[in-house]
Amino acid sequence: MPELAIVLPTYNERENIGPVLSALQQALEGLDYEVVIVDDDSSDGTAAAARHFARHDSRIRVIQRINRRGLASACVEGMMASSAAYLAVMDSDLQHDERILPAMLAKLKDEKLDVVIGSRNAGGGSMGTLPGQRVALSRFGKKVGRLVTRADVSDLMSGFFVVDRRFLEEVVRSLSLTGFKILLDMLATSRRPVKVGEVGYTFRPRERGESKLDFLTGLEYLELILDKITGNWIPTSYLVFGLIGAGGVLVHLLILRLLLVIAGMPFLQGQAIASVIAMTVNFVLNNRLTFRTFRLRGADMWFGLALFYLACSIGLRINLKTAEFLRDQQISWYMAGGAGIILGSVWNYWVSSILVWRVTRRRLAARGRQTPLDVQ
Ligand SMILES: Nc1nc2c(ncn2[C@@H]2O[C@H](COP(=O)(O)OP(=O)(O)OP(=O)(O)O)[C@@H](O)[C@H]2O)c(=O)[nH]1
Ligand SMILES: [Mg+2]
């Protein structure tokens, strides 16, 4: 059995797969290793290209996940698919310097560590030619990441590391698996201080293929942090839903003011129009963000929107009735008002996640169309 497994997550990296495999072969000369490529059914044929190499080299294996997306879950499934004692995760776009892998492995074994991180900020390491904004973003992410882990690490945002399988098994069941930051997820999940080492390297520019970093990656990062802070107790999608709802209240008030003051509309009419606009904005944002894995399109979107209006109207009644009842019990106005909002929003979230986005998904599936599945 190989001592080390290198997990390479891929999504549309066809042009990189050959170069990264030969770079690994060179760097790992003399080591007993295997490579597990985890591809999320890339449209550019990455998995087929990877299998081409696997046919000629029994140390290479390919896992092709269908209807799945997500870097963190891909990495974990790749690691769990191997029996090696030490597991490395490395990007497949050649930005991570594979030549430091032997030093990372040696350090992990010699110093009996849990994790060794390939670090852009430790001795000899650098961000390379990464643009200024990306460096700033990485620093900001690190500050936020500090909220959830005390591990003394210079490159918390790194996606390049070697881990002892025993440590992985300790934390694997409690991982959030949201987004890109599997290392941070592992460090923040551990209940004991993690023994961490670092080896410096220079981050290379991406030469082929496209970056998958986008606005959603940032949102997923915040979801990961929220999930760790709340200890998995409150669903993060509820928190995102709540934030969007709070934004909806602002939109509502703004439009109401415009309609009343500028257009001189009667109050009830203005209130009704502002409510419909705010609900629609909420629906669109929830469709794109909170429930993005179940995103509705075309006719299903209109059907979902109608259901959403209905759910929110009932949610509003629940909110008002609760607040009125508590107020009658002589409970202070802010407790009564707050409880009304919480109950109303829990209702809205519950109906939205079960009926508006999921049932419609089942209807789609029944029609045999391809639908995205949740990553976890
Ligand atoms: N299996 C799988 N791999 C992914 C997914 N998203 C990204 N990857 C892979 O994860 C690695 C990191 O993604 P990148 O887009 O390079 O992210 P990055 O290195 O932080 O950003 P750049 O500096 O812009 O390249 C690459 O090897 C991607 O192919 C995914 O959803 N599933
Ligand atoms: Mg990259």
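Residues numbered from 1 in each chain as written. Chains lettered and ligands numbered in written order. Predicted model: local features only at pLDDT ≥ 70, side-chain atom pairs only at ≥ 80, totals over all residues. Heavy atoms only, no water.

### Side note on the site of ligand 1
In the vicinity of ligand 1, 20 residues are found, and the nearest of them are Glu13, Arg69, Asp93, Ser211 and Lys212. In the environment of ligand 1, an oxygen atom lies 3.0 Å from a nitrogen or oxygen atom belonging to the backbone of Pro9. Residue Asp40 places a side-chain N or O atom 2.7 Å away from a nitrogen atom belonging to ligand 1. Protein contact buries 95% of the 640 Å² of open area that ligand 1 shows by itself. In terms of residue class, the shell around ligand 1 is made up of seven nonpolar, five polar and eight charged. (Near = heavy atom within 4 Å. Polar contact = N/O pair within 3.5 Å; in protein donor to acceptor, adjacent residues only side chain to side chain. Areas by Shrake-Rupley, 256 points an atom, 1.4 Å probe, with all protein chains shown as cover. Nonpolar A, V, L, I, M, F, W, Y, C, P; charged D, E, K, R; others polar.)

### A look at the domain arrangement of the protein
Domain assignment breaks the protein into domain 1 (4-209) and domain 2 (236-366). One C-alpha centre belongs to domain 1, the other to domain 2; they are set 40 Å apart. (Domains from an automatic or database assignment.)

### Digging into the pairing of strand 2 (residues 33-39)
Buried residues dominate strand 2, accounting for seven of its seven residues. Here strand 2 shows no split at all, with Tyr33, Val35, Ile37 and Asp39 on one side and Glu34, Val36 and Val38 on the other all buried. Sheet topology places strand 1 (residues 4-10) next to strand 2; seven bridges connect them, and they run parallel. Residue Pro9 lies in a different strand from strand 2, and its bridge partner there is Val38. For the crossover from strand 1 across helix 1 (residues 14-27) to strand 2, the handedness is right-handed. In this sheet, strand 3 (residues 60-64) lies alongside strand 2 in parallel orientation, the contact comprising five bridges. When the bridges of strand 3 are listed, Val38 appears paired with Ile63. (Buried < 20%, exposed > 50% of the residue type's maximum accessible area, 1.4 Å probe, protein only. Helix = DSSP H or I, 4+ residues; strand = E, 2+ residues; numbered from the N terminus. Pairing = 2+ DSSP bridges. Right-handed = clockwise from strand over helix to strand, strands pointing away.)

### Things to note about the coordination of the magnesium ion (ligand 2)
At the metal site, the magnesium ion (ligand 2) is ligated by Asp93 (OD) and Gln95 (OE1), and these contacts range over 1.8 to 1.9 Å. Across this residue pair, the class does not change: Asp93 and Gln95 are buried. (Donors = N, O, S within 2.8 Å, 3.2 Å for Na, K, Ca; no water.)

### Quick look at helix 4 (residues 101-110)
Along an α-helix, residues three or four apart share an orientation, since each turn contains 3.6 residues. The set of residues buried in helix 4 consists of Leu101, Met104, Leu105 and Leu108. In a view along the axis of helix 4, the buried residues occupy a sector of 95°, so they form one face of it. Buried residues along helix 4 sit against strand 1, helix 1, strand 4 (86-89), strand 5 (115-119), strand 6 (161-164) and strand 7 (196-200). Looking one or two residues past helix 4, Lys112 carries a phi angle of roughly 50°, positive in sign. (Arc of directions from axis to C-beta. Contact = heavy atoms within 4.5 Å.)

### Side note on the sheet that holds strand 6
On the basis of which strands lie adjacent, the open sheet formed by seven strands has the order 3-2-1-4-6-5-7 and mixed pairing. Sheet topology places strand 3 and strand 7 at the edges, where each strand pairs with a single neighbour. Direction aside, neighbouring strands of the sheet carry axes that sit 20° apart on average. Sheet strands touched by helix 1: strand 1, strand 2 and strand 3. Its angle to strand 2, the strand with the most contacts, is close to 160°. Lying on the sheet, helix 2 (residues 46-56) is in contact with strand 1, strand 2 and strand 3; it crosses strand 3 at an angle near 155°. (Axes fitted to C-alpha atoms, helices over the stretch in contact; angles between N-to-C directions.)

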